[in-house]
Amino acid sequence: MRGDLTLKILEILDSMISTTADLLDIFTSGYYGSYRKAKRLSFNYPYRDLKTNFLNNSGAKNQKFYAFCYNLQKRGLIKKTKGKYWKITKEGKEKFRVLKRRKKLTIPVKKYKIKKGADVIIIIFDIPEREKKKRDWLRRVLYSLDFSMLQRSVLIGKTVLPQEFIKDLKDLEISQYIKIIVIKEGGKIQEL
């Protein structure tokens, strides 16, 4: 998804608040406890995670990371604090919320296995306009499963519907708008 790296950087910088709380905990602990906590915190420090997990810390990639952070700074999403650390701004927090919401609404792009069956399956759906993206996703998936259109919202085929597809319908909360009718070889009609 476009904006994934921005989302990850803003997420890590937003979590810096918990790091500050950890530092306060270290300073208020006893001598031996504070050393252990400081060592543990240094291994889990967000900047280290960001640079090592996403950029493998090579020279060119390191430069790309700082160039990307500079770009975020120009856009007003982050700012540099005293020293060499970055901090998320108010605009950055808002952008973070927007990107998180957008990622949550992203519809899964999956390739389901096609397994032909003997039964004829008719899928009828009436998904509201507010769920247009989900309706378009459903059509694309059904076409990829070798279903043919009878009408705009009625498709027919002989492909066995994968359980993962049925689960995705429930996860996307559109199963209540869909009727699946199976016509067995003997002419017996069954609704899923």
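Check the entry above for the structure.
It should be emphasised that the depicted structure is a prediction, and the values quoted were computed from it without experimental measurement.

1. Notes on the packing of aromatic side chains
Move 1: Following the criterion strictly, the structure yields 2 aromatic pairs and no others.
Move 2: Note on Trp137 and Phe165: the rings are 6.2 Å apart at their centroids and 25° apart in plane angle, and the pair reads as stacked. You can see Trp137 sitting in helix α7 (residues 132–144) and its partner Phe165 sitting in helix α8 (residues 163–171), a full 28 residues away along the chain.
Move 3: Residue Trp137 is classed as buried on the basis of its relative accessible area of 3%.
Move 4: Joined through ring pairs, the aromatic side chains of Tyr112, Trp137 and Phe165 make up one cluster.

2. Quick word on the pattern of salt bridges
Move 1: As enumerated under the stated definition, the model contains 9 salt bridges in all.
Move 2: Between Lys116 and Asp146 there is a salt bridge, with the nearest N and O atoms lying 3.6 Å from each other. Taken together, the residues Lys116 in strand β3 (residues 116–125) and Asp146 in the loop between α7 and β4 (148–151) connect sequence positions 30 residues apart.
Move 3: Using a relative accessible area of 51% as the deciding quantity, one classes Lys116 as exposed.
Move 4: The exposure class of Asp146 is partly exposed, given its relative accessible area of 40%.
Move 5: Between Asp136 and Arg139 there is a salt bridge, with the nearest N and O atoms lying 3.7 Å from each other. One end of the pair, Asp136, and the other, Arg139, are both in helix α7, 3 residues apart, so they sit about a helical turn from each other.
Move 6: Given the relative accessible area of 25%, Asp136 is considered partly exposed.
Move 7: Taking relative accessible area as the criterion, Arg139 reaches 9% and is therefore assigned buried.
Move 8: Three or more residues joined by partner-sharing salt bridges are found here, namely Lys132, Asp136 and Arg139.

Conventions used here
Residues numbered from 1 in each chain as written. Predicted model: local features only at pLDDT ≥ 70, side-chain atom pairs only at ≥ 80, totals over all residues. Heavy atoms only, no water. Phe/Tyr/Trp six-rings, centres within 6.5 Å; stacked < 30°, edge-to-face > 60°. Helix = DSSP H or I, 4+ residues; strand = E, 2+ residues; numbered from the N terminus. Buried < 20%, exposed > 50% of the residue type's maximum accessible area, 1.4 Å probe, protein only. Salt bridge = Lys/Arg side-chain N within 4 Å of Asp/Glu carboxyl O.

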